[in-house]
Amino acid sequence: MVRLKELNPEPIRQCTIIKQKGRCSPVEAESLEVEWIAVLDRFNKLNARYKVEGLPRPEFMLLHLIAKSPSGAVKISELAAALEVTTPAVSKLLKSLEEKCAVSRVSDITDRRITYITMTKAGRQLYDRALQARRRIGLSVMERIGEQAYKQLFEQMQILYQAFEDALTGQDSDI
């Protein structure tokens, strides 16, 4: 089993000690920020080039939203809101998926201005293969770092995400 390596544990340990007494010093906080940005950048680069079954992550996520929709049909605006992108960005993703024959557009019967996106049979097969491949990758990672470490990392990432979201939206009372 491979252990997760810390970039530089000393600033984290120092910051933890200082945090128990109050806040991190600016020097430790800056060191942590630089290391954090480097790790995020590496994950973003990995995410940008990561394709499973020929599907980039954004296209997979779009298919995932359609697959999880109770009706199997989703408005473009709903996809944009769920993916936190603009409708033109969703349209670009849809064009790529339409070229792969993975999705189709269906106009609303009562209001032709409304368009729903549905997954085709070929799209469902592509999604299912990509989902299985992603699950295999996740299991492989979990086996490498251990189930307990994997679960702890997941829980900590959720806490970290919420803390960043709160800080960025001004909901963090400590800022």
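Nothing here was measured: the structure is a model prediction, and the numbers come from that model.

Calculation notes
Residues numbered from 1 in each chain as written. Predicted model: local features only at pLDDT ≥ 70, side-chain atom pairs only at ≥ 80, totals over all residues. Heavy atoms only, no water. Phe/Tyr/Trp six-rings, centres within 6.5 Å; stacked < 30°, edge-to-face > 60°. Helix = DSSP H or I, 4+ residues; strand = E, 2+ residues; numbered from the N terminus. Buried < 20%, exposed > 50% of the residue type's maximum accessible area, 1.4 Å probe, protein only. Lys NZ or Arg CZ within 6 Å of the ring centre and 35° of its normal. Pairing = 2+ DSSP bridges. Axes fitted to C-alpha atoms, helices over the stretch in contact; angles between N-to-C directions. Contact = heavy atoms within 4.5 Å.

## A look at the packing of aromatic side chains
- In this structure the tally under the stated criterion is two aromatic pairs.
- A centroid spacing of 5.5 Å and a plane angle of 20° characterise the contact between Phe60 and Tyr127, whose relative ring orientation is stacked. With Phe60 in helix 3 (residues 57–68) and Tyr127 in helix 6 (residues 121–145), this residue pair connects regions lying 67 residues apart in the sequence.
- Taking relative accessible area as the criterion, Phe60 reaches 5% and is therefore assigned buried.
- Sitting above the plane of the Phe60 ring, Arg134 keeps its charged end 4.4 Å from the centroid.

## Remarks on unusual backbone geometry
- Phi is positive for Glu53, close to 55°, though the residue is something other than glycine.
- By the element assignment, Glu53 lies in the loop between strand 1 (51–52) and strand 2 (55–56).
- Residue class for Glu53 comes out partly exposed when judged on its relative accessible area of 38%.

## Quick word on the sheet that holds strand 4 (residues 103–107)
- Sheet architecture is open: three strands sit in the order 3-5-4, paired in antiparallel fashion. On the outer flanks of this sheet lie strand 3 (73–75) and strand 4, each paired with one strand and no other. Mean inter-strand twist for the sheet, computed between neighbouring axes without regard to direction, equals 35°.
- As paired strands, strand 3 and strand 5 (residues 115–119) are joined by three bridges and run antiparallel to one another. Residue pairing across strands places Ala73 opposite Thr118, the latter belonging to strand 5.
- Set on the sheet, helix 5 (residues 87–99) makes contact with strand 4 and strand 5; between it and strand 4 the angle comes to about 115°.

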